[in-house]
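Chain residues, written in single-letter form:
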Amino acid sequence: MTTDEIAPDIFRISVYVPEINLQFNHFVIRDEEPLLFHTGLNAMFPAVEAAVRKLIDINKLRWIGFSHFESDECGALNRWLEIAPNAEPVCGLIGALVSVNDFSNKPARVVTANETFATGQHRFRFIPTPHVPHGWDAGVLFEESRKTLLCSDLFHQWGEMKPLTHSSLTERARDALVQSEAGPFANYVPYTHHTGRILEELAQLQPTTLAVMHGSSYSGDGAKALRELSVVMREVLCPDAARGK
Ligand SMILES: [Fe+2]
Ligand SMILES: [Fe+2]
């Protein structure tokens, strides 16, 4: 378990699971109305809770965001709602209607496409990204003041990685995708006729930090990274399209 500040007041709490050689990263934005992105798995809750309590007053935790309905993204949501009386889940309409409002002990604050909300010094924009990285309900939050993209499973890397790198993630992401496709995690990420457009929309936000759920986060030209990831995904997941067929 490690905690690192990857951008001003944006913290990455990382749990490495050696049995599957994978990091699970949870992000805390410390602000007047703190936001947690990824609740983590139920099994990790005690460890992540202890780390979050070192960063913020849990009574002030206001927002709990995630990309899509999956246990590492939001499995411990109700555990957080039990200990954080002012916290509220925040997600898109599909997430709320299809899963979250049935699962959660508190209804979600629904954000529409490109809607923004402020937490104090930071302002977040919700961008629906259906099936990117996966899930009909998928979306991401873009922190506009620091230009940090909370990008969930995009740029997934296996292994115990440094919290933040300035080096390109492109080849690591390619290796991870190739490795996933060759084993039991095949079909982890789909490639649809919307994938390239959605990644281009994210690139146009010009993020300078990519907060990655599995592996290192990235500081640098996020637009370039997202465009390179788009090529990698097309080449690995849809080679016929990459060859123009
Ligand atoms: Fe996921
Ligand atoms: Fe994930």
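Placed above this text is the structure.
Definitions and cut-offs
- Residues numbered from 1 in each chain as written.
- Chains lettered and ligands numbered in written order.
- Predicted model: local features only at pLDDT ≥ 70, side-chain atom pairs only at ≥ 80, totals over all residues.
- Heavy atoms only, no water.
- Pairing = 2+ DSSP bridges.
- Helix = DSSP H or I, 4+ residues; strand = E, 2+ residues; numbered from the N terminus.
- Donors = N, O, S within 2.8 Å, 3.2 Å for Na, K, Ca; no water.
- Tetrahedral: all angles 85-135°; square planar, octahedral: opposite > 155°, others 65-115°.
- Buried < 20%, exposed > 50% of the residue type's maximum accessible area, 1.4 Å probe, protein only.
- Lys, Arg positive; Asp, Glu negative; His and termini not counted.
- Salt bridge = Lys/Arg side-chain N within 4 Å of Asp/Glu carboxyl O.
- Polar contact = N/O pair within 3.5 Å; in protein donor to acceptor, adjacent residues only side chain to side chain.
- Contact = heavy atoms within 4.5 Å.

Moving on, we get to the sheet that holds strand β14 (residues 217-219). Read across the sheet, seven strands follow the order β8-β9-β10-β11-β13-β14-β12 without closing on themselves; strand pairing throughout is mixed. Only two strands of the sheet have a single neighbouring strand rather than two, namely β8 (116-118) and β12 (164-165). One ladder, built from three bridges, connects β8 with strand β9 (residues 123-128); its direction is antiparallel. Counterpart to Ala-118 in the pairing with β9 is Arg-123.

The subject of this paragraph is the coordination of the iron ion (ligand 2). Taken together, the protein ligands of the iron ion (ligand 2) are Asp-72 (OD), Asp-153 (OD), Met-213 (SD) and His-214 (NE2), with distances of 2.1 to 2.5 Å. Considering all four donor atoms around the iron ion (ligand 2), angles at the metal cover 88 to 175° and the coordination shape is irregular. For the iron ion (ligand 2), all donor residues lie on one chain, and their spacing in sequence is D-x80-D-x59-M-H. Here the iron ion (ligand 2) and the iron ion (ligand 1) are spaced 3.7 Å apart, with Asp-153 acting as a shared donor. Of this pair, Asp-153 sits in the loop between β11 (148-150) and β12 while His-214 is found in the loop between β13 (209-211) and β14, placing the two residues 61 residues apart along the sequence. Considered together, Asp-153 and His-214 belong to a single accessibility category, that of buried residues.

Within the element layout of this structure, Asp-31 appears in the loop between β3 (22-29) and β4 (35-37). Arg-146 is the oppositely charged side chain nearest to the buried, salt-bridge-free Asp-31, at an N-O distance of 8.4 Å. A polar side-chain atom of Asp-31 sits 2.8 Å from a polar atom in the side chain of Thr-119. At 2.9 Å, the side chain of Asp-31 forms a polar contact with the backbone nitrogen of Gln-121. Ignoring any residue separated from it by four or fewer positions in sequence, one finds Asp-31 in contact with Thr-119, Gly-120, Gln-121 and His-122.

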